[in-house]
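Overview (structure and organization)
Each chain is listed here by its residues.
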Amino acid sequence: MDLARALLMALLLVGLPALAQDDEDEAVDVDPIALAEMLVADGFPDRAMKELEKVDLEGKKVDKAMYYYVKGMALADLGERGQAAVAYEAAIAEGYPDVWIHLRLAQLRLALEEYDRALETLDKAPADTRREPVWWMLQARSYRGLKQPAFAYSVLVQGQQAFPDEIRFDREALFLLIELELYIEARDVGRRYLTKEAG
């Protein structure tokens, strides 16, 4: 944690006493969601969850999308993948704007071996997510998990064409072809992979 972040967190935790000298009886309003987000970023998901417990979801000014997003991050860091996925879905339903949440949700579904749901998440994700190589990788791995190697390989080829400098597609395709015992094709892809890696 850098010094600036440490100082900011300390100020939030103690309630900015130096700024409250003019009116010591007036409580400083600390946003528990913002504090929880900072705690997750600094590696304290358990403390973040305690801060989120303070949030009144019925309050008019509560940013529910942000609440569920931060909760999802904290739960994911705590290894609670299923609950984290539910929280991310709630954040999306509340209109959380960052497209990366769809990719994080798909990653969780993949880790839970819920391959159909991972594909459903990717299909419903905004078009901007397809500009990220990870969208194609997650789709290929989901098809692979469903024992549909032809679809998985097709996605990898499309990903490689869309991102020719991204060697992860060649590496993933190489392993898939070896698994399918397509050794001639694997040799060609392997050579391309090694050339890119060396270059």
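Cut-offs and rules
- Residues numbered from 1 in each chain as written.
- Predicted model: local features only at pLDDT ≥ 70, side-chain atom pairs only at ≥ 80, totals over all residues.
- Heavy atoms only, no water.
- Salt bridge = Lys/Arg side-chain N within 4 Å of Asp/Glu carboxyl O.
- Helix = DSSP H or I, 4+ residues; strand = E, 2+ residues; numbered from the N terminus.
- Buried < 20%, exposed > 50% of the residue type's maximum accessible area, 1.4 Å probe, protein only.
- 1 Å grid on protein atoms, 1.4 Å probe; cavity = no way out; pocket = protein on both sides within 12 Å on 5 of 7 lines; lining within 4 Å.
- Points joined across faces, edges and corners; volume = space filled by probe spheres on them.
- Nonpolar A, V, L, I, M, F, W, Y, C, P; charged D, E, K, R; others polar.
- Core = buried A, V, L, I, M, F, W, Y, C linked by side-chain atoms within 4.5 Å.
- Contact = heavy atoms within 4.5 Å.

Once that is clear, we can look at the pattern of salt bridges. All told, the structure shown has 14 salt bridges when counted by the stated rule. The partner of Glu89 in a salt bridge is Arg109, and the shortest N-O contact between them spans 2.7 Å. Residue Glu89 is located in helix H5 (residues 81-93), and its partner Arg109 is located in helix H6 (residues 100-111); the two are separated by 20 residues in the primary sequence. By relative accessible area, Arg109 is classed as buried at 3%. Sharing partners across several salt bridges, the network here consists of Glu89, Arg109, Glu114 and Arg117.

This next bit is on the layout of surface pockets. Estimates place the volume of the largest pocket at around 210 Å³. Surrounding the largest pocket, 13 residues form its lining, Asp31, Pro32, Ile33, Val55 and Val62 being those nearest its centre. Among the elements that take part in the lining of the largest pocket, helix H2 (residues 32-41) stands out by supplying three residues, more than any other. Its residues assigned to classes, the lining of the largest pocket shows seven nonpolar, no polar and six charged. By volume, the second largest pocket is sized at about 160 Å³. Forming the boundary of the second largest pocket are Glu89, Ile92, His102, Leu105, Arg109, Arg117, Glu120, Thr121, Lys124 and Ala125. Sorting the residues of the lining of the second largest pocket by element identifies H5, H6 and helix H7 (115-124) as the ones contributing at least two each. Considering each element in turn, the lining of the second largest pocket owes the most residues, four residues, to H7. The class makeup of the residues in the lining of the second largest pocket is three nonpolar, two polar and five charged.

Attention now moves to the nonpolar core. Core analysis: the biggest nonpolar cluster contains 26 residues, and Ile33, Leu52, Tyr69, Val70, Tyr88 and Tyr96 have the highest contact counts within it. Mapped by element, the contributors of at least two residues to this core are H2, helix H3 (45-52), helix H4 (64-77), H5 and H6. In this structure Leu52 touches Ile33, Ala36, Tyr67, Val70 and Lys71, once residues within four positions along its chain are discounted. Residues Ala106, Leu138, Ala140 and Val155 belong to the second largest nonpolar core, which totals 25 residues.

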